[in-house]
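Structural characterization, general
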Amino acid sequence: MDELIVKALLGGSLIALFSGPMGCFVVWRQLAYFGDALAHSALLGVALSLATELPVTLAIAFTAAALALMLLKLRRGQQLADDTLLGILSHGALALGLVVLALIEPTNMNWMDYLFGDILALSWVDIGTAAAMATVALAILAWHWQPLVLIAVDQDLASVEGISVPRMELLFMLLLALVIALAIKIVGVLLITAMLIIPAATARIFSRGPTQMALLAALIGVVSVCGGVAGAFQWDLPTGPAIVVTALLLFLLTTLTNKPVGRI
Amino acid sequence: MIPLLSLNQVAVISATGNQLLADVDLSIDPKQIVSIIGPDGAGKSTLIRVMAGLQNTTSGIVERQPDLRLGYVPQQLTIPKNLPLTTQQFLQLNRPAKNQPMETTNSKNPDPLAINALRSRPLQALSGGEMRRVLLARALAGSPQLLLLDEPTAGVDLIGQVEFYQLLASIRDQYNCAIVIVSHDLHFVMSATDRVLCLDQGLVCCHGAPEEVSEHPEYQALFGEGTEKAFAVFSHAMGGHQHAHVHSHAHGDDHIEAGESVHG
């Protein structure tokens with residue numbers, strides 16, 4: 001098999017293993033719009049990376065985390081509805097990122113790679129770094145799985161039972177920022193939310209419990225990456241959109257052919 | 001006796017400037033059943049949230065015994081519909097597996113909260129009353145020293161309410177815990193509790209033993225005269241099968257008999 005395909009499959013699958021469970025939280029806690037806003041801040045992260053020579057994944061994770069914390073702060077004690085605030089920050093961050101990038105690097109800038117991802121451009125170093133980050137993040141997620149699920153069920157209950165909700169929220173936001181920074185490599189800024197929520201929503205149809213749903217979402221993510229990469233090679237498609245279309249086809253197929261055990 | 005929790009001159013002002021609580025002094029002793037009554041918007045839920053540590057106070061002091069184990073049953077819990085979770089999974093979530101509520105401790109009635117039939121059902125499919133029983137079971141599994149119940153009988157039928165208050169007495173004896181219960185239906189609360197705190201517009205308008213409070217002019221102004229009649233009727237329901245004769249008014253010892261009838 002072509003080394004290019006092996007790299008793409010390996011890198012994409014490792015990231016999908018992490019984005020599956022994180023996507024479940026996004027679906028449970030109705031954070032799709034929130035995740036979108038964080039993803040849109042990624043171009044600012046790219047600009048930061050160009051300006052400071054930080055590794056691009058870290059720079060993106062950093063800006064996404066900063067935006068997440070800012071959103072959490074702004075949400076409290078302001079008059080605007082959540083979706084208005086998110087809409088402003090989300091698209092504001094995207095536009096700002098494009099403008100700043102144009103200023104820093106006016107000539108040699110391939111925006112499409114960041115907007116739609118370019119998994120085929122991954123180097124072995126990229127994959128190694130992404131794999132290490134995804135593994136550590138997965139371990140942290142697994143370690144705090146139960147309290148995080150309980151917070152998704154009800155924050156008050158978690159708080160009364162002695163869980164430090166603010167600390168867990170901070171941890172969760174950092175993990176969310178990281179998954180976005182990683183997923184940008186495979187599907188790009190504009191399609192990250194799809195990569196988070198479509199496998200989770202598909203998994204929901206078959207799941208009887210939160211852990212099962214997380215594992216299934218990870219599996220469906222991996223299958224989508226494989227299908228998308230294969231399709232991209234076969235028909236010379238852009239890989240990011242091909243991966244998301246694969247995930248979408250899986251979702252439609254399962255939704256239309258199965259009697260749902262729960263509601264979506 | 002060192003109180004489990006005490007409030008000293010506690011005031012809460014909402015973000016919009018409404019005075020939710022003012023000058024509230026209250027202390028909860030071990031094994032006490034305290035009920036909080038008052039009209040809509042009196043601040044009952046705010047008060048119980050202060051006790052649970054879920055509501056920041058604007059001024060005043062809240063003192064808890066160090067490492068106080070709290071159990072909290074909110075008025076309602078909205079489970080995210082995308083989160084697959086059965087009752088059994090919910091009861092075990094973030095709990096050591098051995099802590100199963102009221103099963104090993106009560107040989108006479110192995111399932112006093114009637115949750116066994118609910119265990120395999122998704123939480124989203126539970127009715128309001130079933131949900132509160134499950135929440136109570138979860139709270140008890142943490143062997144709380146202080147159990148906080150926010151309107152536990154709302155939406156529960158009359159017979160269910162009588163059983164519920166009998167259950168409270170047995171819970172207190174079995175778990176050696178204090179219970180604070182917020183309620184609308186003062187007729188029922190009065191005969192089953194040690195102390196009554198009556199709130200009106202964020203202020204404690206009277207508190208004391210049920211018999212004292214029901215004679216208090218502030219209480220009568222709020223709830224009208226003649227309420228003690230309903231109180232007496234309920235005392236009978238609580239006494240249950242032992243009493244066939246009619247009391248003209250309340251007896252303070254009825255709630256003790258009610259507690260015994262559960263055990264005896």
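Everything below is about the structure shown above.
Below is a short write-up of the structure. No experiment lies behind these values; they were computed from the predicted model shown.

Before going further, it helps to spend a moment on the overall build of chain B. When its secondary structure is counted, chain B shows 9 helices and 9 strands. Among the 264 residues that make up chain B, the fraction classed as buried is 53%. For chain B, the proportion of contacts with a sequence separation of at least 24, taken over those separated by at least 6, is 67%. For chain B, the accessible area works out to roughly 11800 Å², and carbon and sulfur atoms hold 51% of it.

Time to look at the nonpolar core. A:F18, B:L136 and B:I171 are the most contacted members of the largest nonpolar core, which has 133 residues in total. The greatest single-element share of this core, amounting to 17 residues, is contributed by helix α10 (residues 165-187) of chain A. Discounting residues that sit within four places of it in the chain, A:F18 has contacts with A:A134, A:A137, A:L138, A:L141, A:L175, A:L178, A:V179 and A:L182. Of all hydrophobic cores here, the second largest spans 29 residues; its members include B:L5, B:I28, B:M51 and B:A52.

Quick look at the state of the cysteines now. Scanning the model with the defined rule gives 0 disulfides over all chains in all. Between B:C198, a cysteine without a disulfide, and B:C205, which holds the nearest cysteine sulfur, the sulfur-to-sulfur distance is 3.3 Å.

Taken as a whole and judged by the stated rule, the model has 4 aromatic pairs over all chains. Arranged with centres 5.5 Å apart and planes meeting at 65°, the rings of A:F25 and A:F172 form a pair that is edge-to-face. Here the residue A:F25 occupies a position in helix α1 (residues 3-28), and A:F172 occupies one in helix α10, the gap between them amounting to 147 residues. Summarising the burial analysis for this pair, A:F25 and A:F172 share the class buried. Taken together, A:F25, A:W28, A:W145 and A:F172 form an aromatic cluster joined through their ring pairs. Positioned above the aromatic ring of A:F172, the side-chain terminus of A:R29 is 4.9 Å from the ring centre. The ring of B:F90 is capped by B:R138, whose NZ or CZ atom sits 5.1 Å from the centre of that ring.

Our focus in this paragraph is α10(A). Residues and elements named next belong to chain A. In this model, α10 (23 residues) spans 31 Å end to end at C-alpha, consistent with the 33 Å of a helix rising 1.5 Å per residue. With 19 of 23 residues buried, α10 lies mostly within the body of the structure. At the C-terminal side of α10, G188 shows a positive phi close to 85°.

Before going further, it helps to spend a moment on helix α7 (residues 124-143) of chain A. All names here are of chain A. Taking 1.5 Å per residue, 20 residues should reach 28 Å; α7 reaches 28 Å between its end C-alpha atoms and fits that length. Along α7, the residues that are buried comprise I127, A130, A131, M133, A134, A137 and L141. If you follow the buried residues of α7, they end up packed against α1, α4 (56-75), α8 (145-153) and α10.

With that settled, the discussion passes to the side chain of B:S35. All names here are of chain B. By secondary structure assignment, the location of S35 is in strand β3 (residues 33-37). At a separation of 3.3 Å, a polar atom in the side chain of S35 contacts the side chain of T193. Every residue in contact with S35, bar those within four places of it in the chain, is listed here: I181, V189, T193, R195, V196 and L197.

What follows is about the interface of chain A and chain B. The interface is formed by 23 residues belonging to chain A together with 26 residues belonging to chain B. For the pair chain A and chain B, the summed buried surface comes to about 2100 Å²; carbon and sulfur atoms form 62% of the total. Ranking the residues of chain A by area buried against chain B places A:V153, A:L157 and A:V160 at the top, with a combined share of 27%. At the boundary of chain A and chain B, one finds 3 salt bridges.

Attention shifts here to a nonpolar patch on the surface. A cluster of nonpolar residues, A:V245, A:L248, A:L249, A:L252 and A:L256, forms a patch on the protein surface that exposes about 470 Å² of accessible area. Mapped onto the elements of the fold, A:L256 is located in helix α13 (residues 239-257).

With that settled, the discussion passes to the pattern of salt bridges. Residue and element names in this part refer to chain A. Inspection of every chain in the model, using the stated rule, returns 7 salt bridges over all chains. Measuring nitrogen to oxygen at the nearest pair gives 2.9 Å for the salt bridge that ties E169 to R29. Here E169 is found in helix α10, whereas its partner R29 is found in the loop between α1 and α2 (32-40), with 140 residues between them in sequence. For E169, a relative accessible area of 11% puts it in the buried group.

Attention shifts here to the sheet that holds strand β5 (residues 70-73) of chain B. Residue and element names in this part refer to chain B. Taken together, the 6 strands give an open sheet; going across it, the order is β5-β6-β7-β3-β8-β9, and neighbouring strands pair in mixed fashion. Here the strands that pair on one side only, and so sit at the sheet edges, are β5 and β9 (203-208). The mean inter-strand angle of the sheet, taken between neighbouring strand axes irrespective of direction, is 15°. As defined by bridge partners, β3 adjoins strand β7 (residues 178-182) across 4 bridges and the pair is classed as parallel. Residue I33 lies in a different strand from β7, and its bridge partner there is I179. Together, β3, β5, β6 (146-150), β7 and β8 (195-200) form the strand contacts of helix α1 (residues 44-51), whose direction differs from that of β6 by roughly 155°. In the packing of helix α3 (residues 128-141) onto the sheet, contacts are made with β5 and β6, and the angle to β5 comes to roughly 175°.

So, how was this worked out
Residues numbered from 1 in each chain as written. Chains lettered and ligands numbered in written order. Predicted model: local features only at pLDDT ≥ 70, side-chain atom pairs only at ≥ 80, totals over all residues. Heavy atoms only, no water. Helix = DSSP H or I, 4+ residues; strand = E, 2+ residues; numbered from the N terminus. Buried < 20%, exposed > 50% of the residue type's maximum accessible area, 1.4 Å probe, protein only. Contact = heavy atoms within 4.5 Å. Areas by Shrake-Rupley, 256 points an atom, 1.4 Å probe, with all protein chains shown as cover. Core = buried A, V, L, I, M, F, W, Y, C linked by side-chain atoms within 4.5 Å. Disulfide = S-S within 2.5 Å. Phe/Tyr/Trp six-rings, centres within 6.5 Å; stacked < 30°, edge-to-face > 60°. Lys NZ or Arg CZ within 6 Å of the ring centre and 35° of its normal. Expected span 1.5 Å × (residues − 1). Polar contact = N/O pair within 3.5 Å; in protein donor to acceptor, adjacent residues only side chain to side chain. Buried area = accessible area lost by both parts, 1.4 Å probe. Salt bridge = Lys/Arg side-chain N within 4 Å of Asp/Glu carboxyl O. Patch = residues over 30% accessible without salt bridge, like charges linked within 9 Å, V, L, I, M, F, W, Y side chains within 5 Å. Pairing = 2+ DSSP bridges. Axes fitted to C-alpha atoms, helices over the stretch in contact; angles between N-to-C directions.

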